[in-house]
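Observations on chain architecture
Listed here are the chains, written in short residue letters.
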Amino acid sequence: MLKRPLNPLAGELNAILSRDGCAAASLLSERGLRAYFPHHGILGQGVDAKGCAINATLGTAKEDDGSPLRLQCLSDLLAIPDASFLYAPSFGVPELRKYWADAQLAKNPSLVGIPHSLPVVTNALTHALFMAAQMVVGRGEKVIIPNYFWDNYDLIFNEAFGGVFDTFPTFSRGHFNVAALRRKLLGRGEKKIVVLNFPNNPTGYTPTIEEADAIQAAFLEAAQAGKRIAAIIDDAYFGLVYEKGVFRESIFTKLANLHENILAIKLDGATKEDYVWGFRIGFITFGMKGLAPDQFKALEDKAGGLVRSTISSSSNIAQRLLLAAYGDPRYEEEKSEKHATLEMRYREVKRILRRHREYGESFTPMPCNSGYFMCIKPKCVDAEALRRHLVEKYSTGTIMLDGLLRIAFSSVPTDKLETLFANIDAAIRELKKGGA
Ligand SMILES: Cc1ncc(COP(=O)(O)O)c(C=O)c1O
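Residues numbered from 1 in each chain as written. Predicted model: local features only at pLDDT ≥ 70, side-chain atom pairs only at ≥ 80, totals over all residues. Heavy atoms only, no water.

This next bit is on a nonpolar patch on the surface. Side chains of Leu-71, Leu-74 and Leu-77 sit close together on the surface and give an oily, nonpolar patch of about 330 Å² of accessible area. With respect to the helices and strands, the residue Leu-71 is situated in the loop between α3 (42–49) and α4 (72–75). (Patch = residues over 30% accessible without salt bridge, like charges linked within 9 Å, V, L, I, M, F, W, Y side chains within 5 Å. Areas by Shrake-Rupley, 256 points an atom, 1.4 Å probe, with all protein chains shown as cover. Salt bridge = Lys/Arg side-chain N within 4 Å of Asp/Glu carboxyl O. Helix = DSSP H or I, 4+ residues; strand = E, 2+ residues; numbered from the N terminus.)

The structure is reproduced here in C-alpha cells:
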C-alpha cells in the first residue's frame, strides 16, 4: 500500500504496466511505483518551444548568436560540437541510445527478435545499479546474490534501499553454483530479486555455456512455479571473456523473453567495455516476455524520471565523445588491441600458476575465466594480515574481500605479474612461519 497519493502520471504508467495481468508493476518497489517522467513539466514545455523565434524556456545560457555561452579555454580543448555544452536529454542522446541498442544486438545475437526497451543512459553502472535497486527493492526485501560480489552493492542494495542480501556460495566444485541459485529462487515468498554479475567482480568468473543454460532453466522453473522475479544483470565487464566454452553473451539474453513473471534489467556501459572509467556513461535496459511497446516505454519513462530526479541528465560531452569514437573507423581495431592486452595478462597469470606448482602450498586460486580480476584463497594465513604484509614488506597492493585476495591483473604490467605472485607466495610462507 502506498502511504502518499500517487502522481497521476505515475498512476498511468503503473496502469500500463499491470494491464492484462502483466506482472511488471507488481515487481516494483514503492519508489518504483512512484517513478514517472514529467513529460509536461519544464522539459516538455521546452520541447514545445523548440524552433520558436524567441525561446526563453530552458535553464541554459546562449550567446547573442544563439550558440551556447561558453568559455573558449574549454571549447578549445574539444573537437566536438559546441552543442555538447548544453544538457543532454534525461533519457540520453538519442543517437547514442540507438547506437547502443544496435550494438547490443551485434554483441548478443540471441537478442535479435526479442522485444526489449531502448537503453536509457545513466551516470555509468553505479547509477544504473542504484536506479534498478530503487525501482524494485523495498525495505526488508531479500536480494538473492552469489556470495562474492562487488562491495559497493552493499551500499546500494542494503544501505540505500534497505534490502537484505540472501547469499549463496558462488561456486560448487569449481563451477557456478546453479543448484544453490535454484534453491533460492524456489524458496519461500513469491517476489524474488536476484543480482547477477558476469564477468564477476571479484572472481573474474563467467558461467560456461552449460551453466548459462542451467541458470535459465532454474529461472524458468521458478517462474512456472509462480515466482515473480526481478533479475538485475550487471554487465560491467561484458566482452572480456578469455576461454572457449564460456558463455559470451549477456545472461540477459537468457532471461529477457523467458517468462511473463521475469523482469530482466540489464545494466551495462562504456566504463569498462570502452576503457573510459571517468566518462560516467552507462545504460539500463528492460526485458520481459509479453510486454507491448507502450509497456517497455512505460519502464523507460520510469527510468528517465529517476535519472531526472537524481542527476537530471548524464554528461553530454562524454556521450558525444563516445558517439564520435563509435563512428571512427579505428574503433574496432583499437578496442581489440586493448582486449588483447588484458587477455595476455590473463594468460600470463594462468601460465605462472601452471609453472609454479609450489604456490599450491600457499594458496588456492579460485575459478576465473574472464574480466579484470582473479582471487586466491590463502592457506592457513589470515587474508587481511597477508594483504598488509604485502603492502609493508613487498610494496604489493591487493584487495582483501571475504577471506580472499583479489588481484587485478588488468592493471599490472604483464612483466610484473611473475613478481606479484612470487611476492604473494613468499609473504604467505613468512606469515606461516610467524615471521611477519
Ligand atoms: C561489478 C561492477 N559493477 C559496476 C561497477 C561500476 O561501474 P561504473 O564505473 O560504470 O559505475 C563496477 C566497478 O568497479 C563493478 O566492478
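There's more to say after this.
To continue, consider the nonpolar core. If you look at the biggest cluster of nonpolar residues, it comprises 78 residues, and the most contacted ones within it are Phe-157, Ile-232 and Phe-421. Counting residues per element, this core draws most heavily on helix α6 (residues 124–136), which supplies 8 residues. Of the domains in this structure, domain 1 (8–37 + 90–326) and domain 2 (331–432) are the two that each give at least three residues to this core. Phe-157 has contacts with Leu-129, Ala-133, Val-137, Val-143, Gly-162, Gly-163, Phe-165, Val-195 and Ile-232, leaving out every residue within four places of it along the chain. Judged by nonpolar contacts, the second largest core, of 35 residues, contains Phe-171, Leu-258, Ile-262 and Ala-264. (Core = buried A, V, L, I, M, F, W, Y, C linked by side-chain atoms within 4.5 Å. Buried < 20%, exposed > 50% of the residue type's maximum accessible area, 1.4 Å probe, protein only. Domains from an automatic or database assignment. Contact = heavy atoms within 4.5 Å.)

Bringing the pairing of strand β2 (residues 142–146) into the picture now. Judged by how many residues are buried, β2 sits mostly within the fold: 4 of 5 residues are covered. Judged from the 5 bridges that link them, β2 and strand β3 (residues 164–168) form a sheet pairing that is parallel. Across the sheet, the residue bridging to Ile-145 is Thr-167, located in β3. Considered for its hand, the β-α-β crossover made up of β2, helix α7 (residues 152–160) and β3 is right-handed. (Pairing = 2+ DSSP bridges. Right-handed = clockwise from strand over helix to strand, strands pointing away.)

Taken as a whole, this structure holds 24 aromatic pairs when the rule is applied. Between Phe-149 and Tyr-153, the ring centres sit 6.2 Å apart and the planes meet at 10°, which makes this aromatic pair stacked. The exposure class assigned to Tyr-153 is buried, which follows from its relative accessible area of 1%. Look at Tyr-237 and Tyr-372: their rings are 4.8 Å apart centre to centre, the planes differ by 75°, and that puts the pair in the edge-to-face class. With Tyr-237 in the loop between β7 (228–234) and α10 (252–255) and Tyr-372 in the loop between β10 (363–365) and β11 (373–378), this pair connects stretches of sequence that are 135 residues apart. Tyr-372 sits in the buried class, given a relative accessible area of 8%. What links up through ring pairs into an aromatic cluster is the set Tyr-99, Trp-100, Phe-283, Tyr-326 and Tyr-331. (Phe/Tyr/Trp six-rings, centres within 6.5 Å; stacked < 30°, edge-to-face > 60°.)

Time to look at the domain arrangement of the protein chain. Domain annotation for the protein chain reports domain 1 (8–37 + 90–326) and domain 2 (331–432). The C-alpha-based centres of domain 1 and domain 2 are spaced at 30 Å. If you look at the interface, domain 1 gives 29 residues, while domain 2 gives 24 residues. Overall, the association of domain 1 and domain 2 removes approximately 2300 Å² of surface from exposure, summing both partners, and the carbon and sulfur fraction of that is 57%. Asp-274 is paired through a salt bridge with Lys-335; the nearest N and O atoms lie 3.3 Å apart. Joining domain 1 to domain 2, the criterion identifies 16 residue pairs in polar contact (both at pLDDT 80 or more). Contributions of two or more residues to the side of domain 1 that touches domain 2 are made by α5 (94–107), α11 (270–273) and α13 (316–326). (Buried area = accessible area lost by both parts, 1.4 Å probe. Polar contact = N/O pair within 3.5 Å; in protein donor to acceptor, adjacent residues only side chain to side chain.)

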